[in-house]
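Commentary on secondary and tertiary structure
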Amino acid sequence: MSFNTDTKVNEIALSNPGARHILEDAGIDYCCGGGKSLQSACLQANVSAEEILLLLRQNSEAVPPGEAQWTSAPLAQLTKHIQERHHQYVRDAIPRLRQLLGKVREKHGGKHSELGQIEKLFADVAREMLMHMQKEEQILFPFIVLLERAANGNGSVEPPFFQTVRNPIYSMMKEHDSAGELMRQIRAASNGYQPPADACTSYHAAFQGLAEFEKDLHFHVHLENNILFPRAVELETAAV
Ligand SMILES: [Fe+2]
Ligand SMILES: [Fe+2]
């Protein structure tokens, strides 16, 4: 795929994981704000679009088997993968990080008041994400699987209480924006997840865990916003 500054960042992120890593490392939002052009996403991230373009053109990382398939694999498989890989990761990471952040705040909060703010912001992300994933797993994902089954000639889909799949998708995308914004605030409050010079091992572990959590969230939201949701809308549109 050839890129220019007008190419949409979600198309770049979809092209291969190397490109996605370049965007992630540059702090460019490719998941929630994926519909923007590279030019405007770079402006927002305060990085040079020309430099990013150069990196993207130099990047030759091939798509590893397993990653490219999501644009064509059955949606039943993609939703299963999202639940097993990303939802489970979020559920495992939340109690671990909350405990670690509490411990670090108790020990260093007197000198580093931002730790209390980070702990509170993370509690908000945790609460929102746990409710959000439950809605996806209980309402949206099962409906998408039914839509796909019907499209393959297996049964029919009753009109859902939410009328069209676009409605829960719209809500889920708003919630993605909110979680992404809270993580941006955590990144800012933690100086880009850089612990201070006097930080202990737990402090380092907590910031490293938060950085990983944000990175995983970006990929998780990318799979939903840029692949799963548009494919579900397409299926529903084709069925009408
Ligand atoms: Fe999800
Ligand atoms: Fe989601």
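Scroll up to find the structure this text is about.
Residues numbered from 1 in each chain as written. Chains lettered and ligands numbered in written order. Predicted model: local features only at pLDDT ≥ 70, side-chain atom pairs only at ≥ 80, totals over all residues. Heavy atoms only, no water.

This part covers the nonpolar core. Within the largest apolar cluster, 70 residues are counted, with the highest numbers of intra-cluster contacts made by L23, L38, I52, V165, I186, L210 and F213. Counting residues per element, this core draws most heavily on helix α8 (residues 201-239), at 14 residues. Excluding anything up to four places from it in sequence, I52 contacts I22, L23, A26, I28, L38, C42 and V47. (Core = buried A, V, L, I, M, F, W, Y, C linked by side-chain atoms within 4.5 Å. Buried < 20%, exposed > 50% of the residue type's maximum accessible area, 1.4 Å probe, protein only. Helix = DSSP H or I, 4+ residues; strand = E, 2+ residues; numbered from the N terminus. Contact = heavy atoms within 4.5 Å.)

Take the layout of surface pockets next. Of the volumes computed, that of the largest pocket is approximately 380 Å³. Forming the boundary of the largest pocket are 21 residues, of which G27, I28, R187, E214 and H218 lie nearest the centre. Contributions of two or more residues to the lining of the largest pocket are made by α2 (17-25), α3 (38-45), α7 (166-189) and α8. Take the lining of the largest pocket: its biggest share by element is five residues, from α8. By residue class, the composition of the lining of the largest pocket is eight nonpolar, four polar and nine charged. Volume-wise, the second largest pocket comes out at about 180 Å³. (1 Å grid on protein atoms, 1.4 Å probe; cavity = no way out; pocket = protein on both sides within 12 Å on 5 of 7 lines; lining within 4 Å. Points joined across faces, edges and corners; volume = space filled by probe spheres on them. Nonpolar A, V, L, I, M, F, W, Y, C, P; charged D, E, K, R; others polar.)

Here we take up the pattern of salt bridges. Counted by the stated rule, this structure contains ten salt bridges. Linking R105 and E119 is a salt bridge whose minimum nitrogen-to-oxygen distance equals 2.5 Å. With a gap of 14 residues between them, R105 in helix α5 (residues 75-108) and E119 in helix α6 (residues 114-151) connect regions that are remote in the sequence. In this structure R105 comes out as partly exposed when scored by relative accessible area, which is 30%. With relative accessibility at 21%, the residue E119 sits in the partly exposed group. The partner of E175 in a salt bridge is K135, and the shortest N-O contact between them spans 2.6 Å. (Salt bridge = Lys/Arg side-chain N within 4 Å of Asp/Glu carboxyl O.)

Once that is clear, we can look at the coordination of the iron ion (ligand 2). Note on the iron ion (ligand 2): its protein donors are H132 (NE2), E136 (OE), H176 (NE2) and E224 (OE). The metal-donor distances range over 2.0 to 2.1 Å. Geometry at the iron ion (ligand 2) is irregular, judged from its four donor atoms and the angles of 86 to 172° they form at the metal. Sequence spacing of the donors to the iron ion (ligand 2): H-x3-E-x39-H-x47-E. Between the iron ion (ligand 2) and the iron ion (ligand 1) the interatomic distance amounts to 3.1 Å, and E136 serves as a bridging ligand to the pair. Of this pair, H132 sits in helix α6 while H176 sits in helix α7, and the two are 44 residues apart along the sequence. Judged by relative accessible area, which is 1%, H132 ranks as buried. (Donors = N, O, S within 2.8 Å, 3.2 Å for Na, K, Ca; no water. Tetrahedral: all angles 85-135°; square planar, octahedral: opposite > 155°, others 65-115°.)

Next up on the list: α2. For α2, the buried fraction is high: seven of the nine residues fall into the buried class. Along α2, the residues that are buried comprise P17, G18, A19, R20, I22, L23 and E24. Structurally, α2 contributes buried residues whose contacts are with α1 (9-15), α3, α4 (49-58) and α8. Just downstream of α2 lies G27, where phi reads positive at about 75°.

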